[in-house]
Amino acid sequence: MSSRIIAETQERKPADTVFKQQRLPAWKPVMTPKAVVTIFLFVGFLFFPLGVLFLTASNAVKQTEIDYSGCVPSPSRNVTNNCTAVLSLPSMKAPVYIYYQLTSYHQNHRRYVKSRNDAQLNGKPPSTWGAIEDCLPRRAVNEDKDKSNRGNWFLPCGLIAYTAFNDSFEILPPASSSPLPWRKTGVAWESDVEKKFRNPAPTAVGTRLTPAVDFTDEDFIVWMRTSGLPAFRKLYRVIDTDIPAGTYTLQISSKFPVSEFGGTKSLVISTVGWMGGKNSFLGTAYIVVGVLSVLIGFVLLLLNVLFKRPSAYVADRT
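Residues numbered from 1 in each chain as written. Predicted model: local features only at pLDDT ≥ 70, side-chain atom pairs only at ≥ 80, totals over all residues. Heavy atoms only, no water.

(A) Spatial organisation of the sheet that holds strand β7 (residues 232-239). Strands sit in the order β1-β9-β3-β7 across an open sheet of four strands; the sheet is antiparallel. Either end of the sheet is taken by a strand with one partner, and the two such strands are β1 (63-67) and β7. In this sheet, neighbouring strand axes are inclined to one another by 20° on average, regardless of whether the strands run parallel or antiparallel. Inspection of the sheet shows β1 paired to strand β9 (residues 264-270) by five bridges, in the antiparallel sense. Its bridge partner being in β9, E65 is matched across the sheet by V268. (Pairing = 2+ DSSP bridges. Helix = DSSP H or I, 4+ residues; strand = E, 2+ residues; numbered from the N terminus. Axes fitted to C-alpha atoms, helices over the stretch in contact; angles between N-to-C directions.)

Structure (structure tokens):
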């Protein structure tokens, strides 16, 4: 019995190689006071100028935000409330990006994210009730009675499509009744437009939403790509001409309610820099880390000078 166990043990023994026997040469850095101080000072002197660079790039981005939550839509869905607001815009170089921004809107909720049917959005209405199970609670006109009546299945189904953002805007230049020209094409991801969204056939069975949804509309496609945070902004339009500084009039057609969930809605007008939109967090974080690293480095250097250990002790540790 013992010889058999020994033989099995020998078979399972890893091969006698430097890799399998873990005898590979390795670099084992020794954290001497000199090395630690050098690392902290290097990180500090690297991160601080990078932070200044990032913060300068962020501050170069021009951005104007206006909260129009007070433009309360009618309690009836899809009934418009028209409002106007005054915008003081700095001069902006093209391209200028227009975003709408929502807060306290949890598009990242598990039930909300799942409430869609991708095959249906790609122009292929499902033929079985189980295929639209994820669209709960917006599958059919009557959830309990319409399981076999495809004519009452929503097209498109799901909460995301049903709650699509539907406010609209126009920006009028000073002393002009003609709105700023902007484009809608290109606001959605190219892959979404080309591959993921198709209109169903006109004869497709189902109950269209009111107003009817164009599955290839880029505003709709932008909305269907859900946000990971409850406060988010989505691209609405792009202005391809420079905007001179001045006082502009914002005309708002408000349909999307936010008071029910305690949220807000805003319009954001922004340029972009080589780092993207305006965001001072990254630059500030780099500066803070750089300053702290330099301070820690000098404190450690001072402690090493005042309470220096004998060289023999350091040599033993190495």
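Now that the structure has been shown, we can carry on.
(B) Quick look at the packing of aromatic side chains. Applying the stated criterion to the full structure yields 21 aromatic pairs. On the basis of an interplanar angle of 75° and a centroid distance of 6.5 Å, the ring pair of Y100 and Y236 is categorised as edge-to-face. Highlighted residues: Y100 in strand β3 (residues 96-103) and Y236 in strand β7, separated in sequence by 136 residues. Among the aromatic residues, those joined into a cluster by ring pairs are Y68, Y100, Y105, Y112, F165, F169, W182, W223, F232, Y236, F256 and F261. Here R138 stacks its cationic end above the ring of F154, 4.0 Å away from the centre of that ring. The cationic tip of R237 hangs over the ring face of Y236; the distance from NZ or CZ to the ring centre is 4.0 Å. (Phe/Tyr/Trp six-rings, centres within 6.5 Å; stacked < 30°, edge-to-face > 60°. Lys NZ or Arg CZ within 6 Å of the ring centre and 35° of its normal.)

(C) A look at helix α2 (residues 33-59). With 27 residues, α2 extends 39 Å from end C-alpha to end C-alpha; this agrees with the ideal 39 Å at 1.5 Å per step. Within the span of α2, buried status applies to V37, L41, G44, G51, F54, A57 and S58. Of the surrounding elements, those touching the buried residues of α2 are α8 (281-306). (Expected span 1.5 Å × (residues − 1). Buried < 20%, exposed > 50% of the residue type's maximum accessible area, 1.4 Å probe, protein only. Contact = heavy atoms within 4.5 Å.)

(D) Highlighting unusual backbone geometry. Cis geometry is adopted by the peptide bond preceding P95, which originates at A94 and carries an omega value of 0°. Following L155, the chain continues to P156 via a peptide bond in cis, the omega torsion being 5°. Looking at where P156 falls in the secondary structure, it is placed in the loop between β4 (154-155) and α5 (159-162). One non-glycine residue, Q22, adopts positive backbone phi at about 60°.

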